[in-house]
Each structure stands twice: as C-alpha cells, then as structure tokens.
Amino acid sequence: MLEGSSNRAGRIGQNVSAIRKRRGLTLEGLAELSSVSRASISALENGSDNPRVQTLWNLADALGVDFGTLIGDSRDESVLDEDGASVRLIDRQTSPKIIEAYLLEFPAGATRNARPHVSGVQEHVVVLAGELLTGPTEGPSLLTSGQSVSFTADVPHLYSAGRTRTRAIVTVVYPRLEHGARPDQELNWPRTQADWREVFSLMDRAAIEVQNGVGIDTKRFHLPAQIPHDKAVSELRSKVANLPHHPTVRHFVLTEGNPGILSLYRTPQMSPLPAAAGSLKGTLADRCRKLAALATAGSGTCDLDRIQHVVCGTSSLMESSLAAEALTRHGRPTVPLGVGTMEQCGKPDEADTRRLFEARIDVDAYEAFELIHPAHARQMLALAGYLPGTEGLRILDVGTGPGLPLAMLRELRPDLQALAVDPSEVAFRHLTRRFAVDPAVEIRQTSITEMDPVDRGFEVAISVGASHHMDTSTFLAAIRNHLRDDGRLLVADEMICAFSDREQRQAALIRHHLWYILDTLVEVPKGAHKGDIQIAKRLAQALPEAQGMVYAQRGEAALRRIRDLYEEVMEIDRPRQPSHPLAVFSRFHLLELQALIAGFDYEIEQKTHVARFKALARANGFEIRHHHRIYATDGDGLEDAGTHLLVLEAV
C-alpha cells in the first residue's frame, strides 16, 4: 500500500491511466504486457486499490517508463507491501541519464522476483543492514552490510532478504537514449564547389554500396559557427533534390543535431498487375487497368494534367484512387475523390472487453484517410480479377471495416451481392451509412467466429486488411467453415518479413510501416492550420532517422523514438478536418503510426509473415493457388514485407 494518505494511491492510479492512454494501450493490452490482471489495473486507475511494489514495477516496465515517473517523481514517495517490504524514492535525476535511488527495506525472508527492465538498464545495490541475495536470477550475489554489487538489470533479477530485516540502497541507471542515425562518415561543411563535388563523389559511392547490399549510409556535417543550422539544412535539401534519380536508393536530409544525408536501399514497390485482372469486363475496368499501369510507368512518360482531370472528373472511388496514386508516384501528391472528411460514428467503450478494432485504431480516421494508403485501390483491382464471373455472385466479406474496399469492388462488379461481417460497432455504423440504399449488401455486426454457417456455404469469401486483426489460425478456420468444398478465399493484407523472435518482429514492423509513410511524405504548405504544418514537419524530420536506426540494427532505440514521437505529435493541436488537401497525407501517417504502435504491443495489430500465413492456411484446410506481392515495403523477395494478395482454395 502507499504510505501517507489514499490520495497518493489516487495520484498513482491517475498516472497509470494517463500513461496507458497516451501509449494507446487498452486495459487488456497492459494486463498482458505487465502480468497484472485487468481488474487490478482498473481498480488502481480508479483509485480504489493500494498497489504492491511488484505491481508498480511490472506496470512501469510494461509502460516503458521509469518507476519514479509512475509514482510521481516525489522525493520520499514510498510504497509499502502488506508483508512490510517497502520501496522509497530518495533521489532522482533526469539529465544526462535518468538515475533513480531507492531505499529498499525488506523483512526477514522476504523475496521479490523482478522482470527485466528495458535493454541497457544497470542497477547498483549497497546493503546498509542485514543480508540480501540480489542480482540476475541465474547468478545472484549474497551481500552483507557494507557490501555492494552492480549488474545489468535487463534480465530477470531478484532481491531476497536473509534472516534479519534488511535495508539497502538500490540505484537504477537508465541508458541514455541516442537519437539519430550514427554516421558512417563525418565531414566538414563544404565551402567551395570543389568541396561539393567531393561530397557528390562520396554520395555516388554510397549509392553503389547501398544498392549492392550495405542497405544504409549516413553522412553528417560539422557546421562552422557562422553558418546557421536552418540555412545548412535548406542548402542540403536543395543539393539532395538535384542528385541523379536512383531507382533503388532513397536519400533523406537529416535535420536533428548536425545536418546530414541518410541513404537507404528501397526495393522496387510495384510490379504489373496479375494477368487475372485482365479478365474484368466493362469500360470502368478498362480505365482502371490503364491507370494502374501508369503508376509503374517511367518518369516523364505520363500526361499528368490528364490524369489530374480523372481524379476530379470521375464519380468512381476506384478510378479516382488509382489516378491519385499515379500522380503521387510521379511527384504530384494528390488526394482521391471524397477523401479527407471525417464522419463521427462513435468511440470505443473501455468497459467492452472484446478486442475490437476501435480499441487501438481511430476507425473514423481510417474511413476518411485510408484511400491514401499505397496500393489500397490497386489491391482491389487485382483481387477482383480472381472473382468467378458468375452473374449475381454472392460473396462473404470478412472484416469489412468501414467498407471502402467493398464499395470499390461493387463499382467493378455491380452484379455482386455481399454479406458484410464485422464485429466493430463503429465500423457497423459506417457500413450502414455507406450502403444504406444498396440492397445488394447485407450487413451483420458479428465476428466470423460467432456466425452460424449457411446451409450450402459460400463459393467465395474475401478479406481485405482484416486477417492480422485477429488470431490468424482461428480466422482461417472460421472462414473455411463458411465455404463449400472448392470454394475460394481471397485475402489482401499486409504482411512483414520473416521473423523468429520478438526483437526481429519489432524491427520488421518498423521497416514495413515506415516505408508506407516515407513513400508518401509531403510538405503541407503555408496557409494550412499550423498544427497540420507542424505534424507533417515533425514526421518528416524524425521518421527517416528512426528508419535509419532500425537499418543500423538499433531496433530498441527506434522503437522508443517512435513511441515518443507519436505521443508528441498526438499532443499537437489540429482541426478535426484537415485544413489542406495535402494534410490528408500526414493524417494517414498518424494512422500508420497508430497501427505500428499497436503492433509493438501485439494488440489488435498481429501481423505475421507470408510463409507462416501459408502454413496456417494449409493447416486449416486450404491450398494456395496464387500469390502476388501488390506493394513491396521491405525486402526483395516475393514473400517479404508489403501488401499481398493470396488466392486460397478450400480442400
């Protein structure tokens, strides 16, 4: 319990609630990460429970904050357990490193097993009285009065008192966070044209190394005192913009600290559409195929003004989206028809213990801005080509969400009938609004795992962007139960590079999601709301650095950087509706960060890799008939990260 008054417990509960919500975690998500029950966390946040020491340590580690932040930074703040063990914060510094000192008092025989802290945390323990067994669980040290030990505390560790009451000072030293990509070369600022030519020569060499397998090159410049930082950054941007185009190397100007240039390998994003897309009939399908081809056409080969006219002149979501994507990829960022207006359809209920999409993702924003997502319309054009040509075909759409993919599919195949299934209350409201006058679409607010199979089963089921929001194996098994034998399941979804542990998965998630953002970075012009301008600027400053960190094998630093950035930009005041069409891009980027952070916690966002998805599909009664990588993010292989289309057959 907390010494003093119950007000302290209330303050700590408020801290836990605020940090959890800032992190985007649900109660269930924090419970899983911390091994503290949902009920205990809820009681703590409501101020109706006095937490134990171990509970608070577990919550602090799960939330990624130090213990002092959780209990409020107050000197002499103390937590007392029922058995008499107590921890009192006696000192704290925050610069250049966070260092906290605690007075630990344990009754005879008391033991506490501590979870690993974040990577790099060090603990120094000095015993003042009694004896204490402490250190890594696999090799602790027995200390008596006056003795001390230091150890790395990013592994399981323990504190166990001997036969008498024990007092010790425990100092926790958190690693200093290094922001920014470490340079491969540190150069003096070029003063002459000859100096710049030398820099360009180094950049040419770096591009060759990066494209041939190094993957990353970073150069930083030391500025003389008389050159302002902003002026140097502006000049660097001008120079980088005039570098020769390289199809597989992207250059970013680094603005934090000493200015620099980051060069990253970028796998080609798009290939021609699957041949099956050619089977679609109708003039709209013909126009859409031509627009999709323009997205992969060479620079300077397209009439951009004509494509711009298509964006504004069509009534088709699919056609407008494909045209806007072609323009964006050719250097003219464009927003499709009808994108950018948010409809308020509800907020998640924290009392609902179901894992619904809206618990971690803003569904209203998703509905408003998701068409900006690279290849969002392109995947639907590819998917439509694998639908049987049966007139009046009735399909099962699993995890329909707000309904944009189904709406595009209905444009290409007006004869289609669909049963749209989604458990989300917010998505259900969007679906009801979108298909209010469309009798061909039946909507059910339910999970595919809870729906009773129809008598004969469906000939075709589709799922777009939904398979990674639930248990993948359960998802596949449930759909198989609703398909007839030889029925077809078409899955369009994002998948990441292969991984075999959590650290690899986190790095793969970062590389995957950040390329969707970095491929669509735009500058929001003056005249827009200052919040929209500021968000776009901060993302453009920080995210290339974060991508550089993960490419340089500093995934943990990148993860913390992204979490901090997300909390920072979400605090920026901005209008509910984007104040300029180009601000729609940064609103999409916020959604992508939301999904990435939910993926860090593996809550709602539960991406796998293609090889594992195929294995799970076979285990649940499917064979893989076709596979296409519609948009590539990370890695060169067919089964690497990106937006994928898989055609499965029930066997």
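The present account deals with the structure reproduced in this document. (Residues numbered from 1 in each chain as written. Predicted model: local features only at pLDDT ≥ 70, side-chain atom pairs only at ≥ 80, totals over all residues. Heavy atoms only, no water.)

A few points about the overall build of the chain
Per the secondary structure count, the chain includes 20 helices and 21 strands. Counting every position in the chain, which comprises 651 residues, the buried fraction comes to 56%. In the chain, 72 positive and 84 negative side-chain charges are present, and the distance between their average locations comes to 3 Å. (Helix = DSSP H or I, 4+ residues; strand = E, 2+ residues; numbered from the N terminus. Buried < 20%, exposed > 50% of the residue type's maximum accessible area, 1.4 Å probe, protein only. Lys, Arg positive; Asp, Glu negative; His and termini not counted. Charge placed at Lys NZ, Arg CZ, Asp CG, Glu CD.)

Remarks on helix α17 (residues 530-551)
Spanning 22 residues, α17 covers 32 Å between terminal C-alpha atoms, matching the ideal 32 Å at 1.5 Å per step. Counting buried positions along α17 gives 17 out of 22 residues, so the element sits mostly inside the fold. (Expected span 1.5 Å × (residues − 1).)

Some remarks on the packing of helix α12 (residues 376-384) against helix α13 (residues 404-412)
Between α12 and α13, the shortest axis-to-axis distance is 10 Å and the interhelical angle comes to 50 degrees. Comparing their axes, α13 and α12 come out oblique. Every pair of crossing elements has a handedness; the one defined by α12 and α13 is right-handed. Along the contact surface, α12 presents H376, A377, M380, L381, L383 and A384, while α13 presents L404, P405, M408, L409 and L412. Among the residues forming the contact of α12 with α13, the class breakdown is ten nonpolar, one polar and no charged. (Axes fitted to C-alpha atoms, helices over the stretch in contact; angles between N-to-C directions. Parallel < 35°, antiparallel > 145°, perpendicular 65-115°, else oblique. Left-handed = near helix turned anticlockwise from the far one by under 90°. Contact = heavy atoms within 4.5 Å. Nonpolar A, V, L, I, M, F, W, Y, C, P; charged D, E, K, R; others polar.)

Topic: the packing of aromatic side chains
For the structure shown, the criterion picks out five aromatic pairs. Geometrically, the ring pair formed by W189 and F221 is edge-to-face, given 5.6 Å between the ring centres and 80 degrees between the ring planes. Taken together, the residues W189 in the loop between β11 (185-188) and α6 (193-214) and F221 in strand β12 (residues 216-222) connect sequence positions 32 residues apart. Here W189 falls in the buried class, since its relative accessible area comes to 5%. Looking at F221, the relative accessible area reads 1%, which means it is buried. An aromatic cluster of three or more residues is present, and its members are W189, W196, F200 and F221. The ring of F106 carries the charged tip of R112 above its face, separated from the ring centre by 5.6 Å. Above the face of the W196 ring, K239 is positioned so that its terminal group lies 4.9 Å from the ring centre. (Phe/Tyr/Trp six-rings, centres within 6.5 Å; stacked < 30°, edge-to-face > 60°. Lys NZ or Arg CZ within 6 Å of the ring centre and 35° of its normal.)

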